[in-house]
Amino acid sequence: NSFVTRTNTCGELRSAHVGQKVTLYGWVQYQRQGLFLVLRDFQGLTQIVIPQDEAHSHVKELLSNAPVESVVRVTGIVSPRPLGQENPKMPTGDIEVKAETAEILNSCKKLPFEIKDFIKKSEALRMQYRYLDLRSFHLQSNLRLRSRMVMRMREYLCNLHGFVDVETPTLFKRTPGGAKEFLVPSREAGKFYSLPQSPQQFKQLLMVGGLDRYFQVARCYRDEGSRPDRQPEFTQIDIEMSFVDQAGIQRLIEGLLQHSWPEERALIMTPFPSMTYEEALAEYGTDKPDTRFGMKIVDISDVLRGSDIHFVQNALSYAHGSIRAICIPQGVRYLTNKDLESLKESAKSQFNQKIMEIIRRRDGSLKSLLTKFLGEKEQSELIQALKMQEDDVVLLAAGEHKQVCSALGTLRLLSANLLEAAGMALRDPTAFHFLWVVDFPLFLPKAKNPTELESAHHPFTAPHPSDASLLYSDPTKVRSQHYDLVLNGSEVGGGSIRIHSAEQQRFVLEEEDSEVLSHLIEALEFGAPPHGGIALGLDRLISLIVDAPSIRDVIAFPKSFRGRDLMGNAPDYVTPEELEPYHIQVSWPLKEKEAKKN
């Protein structure tokens with residue numbers, strides 16, 4: 001209450017305040033029969049008793065007629081609620097304030113929706129009237145938790161570990177590879193700035209500059225379609241250090257998260273477990289495993305190797321062929337035939353992967369099109385390998401290793417969703433399972449031309465020390481010093497030890513437009529220290545902590561699903577006169593184009 005004219009907030013008053021004269025400011029949550037109203041501010045609710053005596057008739061008239069969500073000042077005496085009328089669900093439920101004077105500071109017109117968390121609103125309407133949506137308890141709570149975490153992160157990094165908070169430029173130049181960047185026109189004809197996807201180059205240059213430890217709450221931009229966990233503009237906790245290795249970065253981040261973790265959430269234990277990229281793919285079918293539940297992918301190639309099943313033998317005849325399966329616990333009880341068919345269809349449509357099912361009946365026997373090809377010994381080994389119980393359902397796939405694992409990994413998550421929708425308690429919503437994924441490949445085949453290679457993450461990642469000799473002779477076998485931090489199946493951070501050799505950087509950039517990065521390569525020739533870093537996706541991290549369905553629920557003014565600001569109607573048209581200094585002309589008539597759209 002410092003610097004303001006109220007004496008207390010609406011969530012502050014308790015029995016100890018009885019008898020005190022207080023002044024409250026807030027919004028009218030609701031009013032009932034001219035007898036009382038509930039006043040709300042950022043901290044909570046307080047019940048205001050509307051006076052009924054003639055001496056305060058003007059106060060009664062004002063408060064009884066105040067529209068919901070009007071801003072009101074009330075002065076009155078804190079009193080205990082009458083016996084039996086206490087509200088244990090409200091922190092202020094033991095008291096009420098008997099109004100003596102009041103003033104409507106700003107009346108509210110008819111609302112487009114009610115400001116209550118349990119009232120469902122379309123997301124488009126919420127975006128259009130975001131300033132009203134921000135009054136809701138859950139958005140207030142999310143933004144305040146976010147603020148507290150960022151403040152504690154600053155404290156940990158700057159005050160406890162000597163990091164320097166540096167702001168890097170927003171207007172820069174195009175970076176090769178990665179996501180599309182937003183372009184900003186300049187007054188030099190044909191020349192454009194780019195908005196950075198991350199401060200990657202700047203933080204490395206800060207290490208060349210001898211700053212040693214850098215940190216920034218960085219605004220980043222990607223010209224991509226929005227998804228529930230993506231926005232065209234987003235925030236990273238960006239970190240870089242000199243003379244550090246992968247283990248050092250991991251210890252730093254574990255300490256950072258423990259220090260800033262909200263006290264009201266379940267404790268997180270360190271060190272976080274770690275697995276290699278190959279292990280994650282083999283056991284979970286993804287490089288961001290959700291380890292809150294089992295249903296791991298199991299290699300059953302050896303169990304079926306001696307069978308006469310044609311598609312099994314066909315798959316195993318290839319160098320990277322394998323037979324793998326997942327076991328869905330109690331699948332017979334919780335999944336319908338329609339569910340199983342939808343799972344098979346997903347594997348077919350997304351991965352062109354055929355799926356076979358095996359059911360363990362209550363008498364212990366197996367039901368499947370495959371059982372007639374399997375002897376008792378093979379069936380017993382299959383049950384043992386998959387730890388099948390009665391009413392379990394197994395989904396089996398055969399083919400190229402990566403495709404099989406990716407398909408089963410997707411089915412694992414889809415099955416979990418179906419099981420939970422049917423009532424099974426599978427993933428604890430209050431649990432937080434962090435995981436480091438390491439030893440990614442340095443290069444991957446290009447999607448458009450598989451015979452050519454490109455950096456798996458970005459071209460500044462250093463090769464694994466054990467594989468450095470292979471960089472020039474067999475780059476496909478080189479692991480990188482890249483590491484991802486995964487939380488409950490979502491990637492919340494990623495980083496790497498960087499290349500600090502100009503020669504090595506030139507080689508890795510051969511497939512990229514190295515001229516665009518000539519300034520960075522030159523900087524590496526002037527005594528660049530070994531360095532590495534990481535960036536945490538703040539929006540995604542907070543959304544997982546508060547269990548929000550979308551990162552839009554932890555951002556004050558997010559963009560819509562299509563990347564638009566529905567409140568301010570951005571992006572918007574500009575006139576030809578405004579474009580003229582930038583030497584830009586729009587190549588089609590705006591009105592005609594819009595008319596065709598409509």
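This one's a predicted model, so the numbers in the text were calculated from it and none came from an experiment.

This structure, assessed with the given rule, holds 34 salt bridges. Salt-bridge contacts for Arg 427 lead to Asp 290; the nearest nitrogen and oxygen are separated by 3.9 Å. Of the two residues, Arg 427 sits in the loop between helix 13 (401-421) and strand 17 (434-438) while Asp 290 sits in the loop between helix 7 (277-284) and strand 12 (298-299), which places them 137 residues apart along the sequence. Overall, the relative accessible area of 4% leaves Asp 290 in the buried class. Each of Arg 126, Arg 130, Asp 133 and Asp 553 takes part in salt bridges that share partners, so that together they form one network.

This part takes up the environment of Tyr 156. Along the polypeptide, Tyr 156 turns up in helix 4 (residues 137-161). Taking the relative accessible area as the measure of exposure, Tyr 156 reaches 10% and is therefore buried. Separated by 345 residues in the primary sequence, Tyr 156 and Ser 501 have C-alpha atoms spaced 31 Å apart. Apart from the residues within four sequence positions on either side, Tyr 156 is in contact with His 161, Leu 252, Gly 255, Leu 256 and His 259.

Take the packing of aromatic side chains next. Evaluated as defined, the whole model comprises 8 aromatic pairs. Between Trp 436 and Tyr 483, the aromatic rings sit 6.3 Å apart at their centres with planes inclined by 80°, giving edge-to-face as the arrangement. Taken as a pair, Trp 436 in strand 17 and Tyr 483 in strand 20 (residues 482-487) lie far apart in primary sequence, 47 residues in all. There is no split in this pair, since Trp 436 and Tyr 483 are both buried. Through a chain of ring-to-ring contacts, the aromatic side chains of Trp 261, Phe 272, Phe 432 and Phe 434 assemble into a single cluster. Over the ring of Phe 293 we find Arg 412, and its NZ or CZ is 3.8 Å from the ring centre.

To continue, consider the domain arrangement of the chain. Taken domain by domain, the chain holds domain 1 (15-106), domain 2 (139-274 + 433-553) and domain 3 (293-422). If you average the C-alpha positions of domain 1 and of domain 3, the two centres end up 62 Å apart.

Pairing analysis gives 2 bridges linking strand 6 (residues 164-165) to strand 9 (residues 213-221), with the strands arranged parallel. Looking at strand 9, one finds that Asp 165 is bridged to Phe 215.

Bringing the sheet that holds strand 3 (residues 45-49) into the picture now. Strands sit in the order 1-2-3-5-4 around a closed barrel of 5 strands; the barrel is mixed. Going from strand to strand, the sheet's axes swing by 55° on average, the running direction of each strand aside. Looking at chain direction, strand 2 (residues 36-40) and strand 3 are connected through 5 bridges and run antiparallel. Looking at the pairing, Phe 36 lines up with Val 49 of strand 3. Relative to the sheet, helix 1 (residues 57-64) contacts strand 1 (21-32), strand 2, strand 3, strand 4 (71-80) and strand 5 (95-106), its axis offset from that of strand 5 by approximately 75°.

Let us now look at unusual backbone geometry. With an omega of 0°, the peptide bond between Thr 270 and Pro 271 qualifies as cis. Considering the arrangement of structural elements, one finds Pro 271 in the loop between helix 6 (246-260) and strand 11 (274-276). In this structure, Pro 571 follows Ala 570 across a cis peptide bond, with omega equal to 0°. Looking at where Pro 571 falls in the secondary structure, it is placed in the loop between helix 16 (538-545) and helix 17 (576-579). Phi at Asn 352 is positive, roughly 55°, even though this residue is not glycine. If you trace the backbone, Asn 352 turns up in the loop between helix 11 (337-351) and strand 14 (356-360). Asn 352 sits in the exposed class, given a relative accessible area of 56%.

Here we come to the nonpolar core. Ile 239, Ile 253, Leu 257, Phe 434 and Leu 485 are the most contacted members of the largest nonpolar core, which has 47 residues in total. Going through the elements one at a time, helix 4, strand 10 (233-242), helix 6, strand 17, strand 20, strand 21 (490-497), strand 22 (531-537) and helix 16 are the ones with two or more residues in this core. With 6 residues, the single largest contributor to this core is helix 4. Ignoring anything within four residues of it in the chain, the contact list for Ile 239 reads Leu 157, Phe 163, Lys 203, Tyr 214, Leu 252, Ile 253, Leu 256, Gly 533 and Ile 534. Among the nonpolar cores identified, the runner-up in size contains 23 residues, and Leu 281, Leu 335, Leu 395 and Ala 416 belong to it.

Reading guide: rules and limits
- Residues numbered from 1 in each chain as written.
- Predicted model: local features only at pLDDT ≥ 70, side-chain atom pairs only at ≥ 80, totals over all residues.
- Heavy atoms only, no water.
- Salt bridge = Lys/Arg side-chain N within 4 Å of Asp/Glu carboxyl O.
- Helix = DSSP H or I, 4+ residues; strand = E, 2+ residues; numbered from the N terminus.
- Buried < 20%, exposed > 50% of the residue type's maximum accessible area, 1.4 Å probe, protein only.
- Contact = heavy atoms within 4.5 Å.
- Phe/Tyr/Trp six-rings, centres within 6.5 Å; stacked < 30°, edge-to-face > 60°.
- Lys NZ or Arg CZ within 6 Å of the ring centre and 35° of its normal.
- Domains from an automatic or database assignment.
- Pairing = 2+ DSSP bridges.
- Axes fitted to C-alpha atoms, helices over the stretch in contact; angles between N-to-C directions.
- Core = buried A, V, L, I, M, F, W, Y, C linked by side-chain atoms within 4.5 Å.

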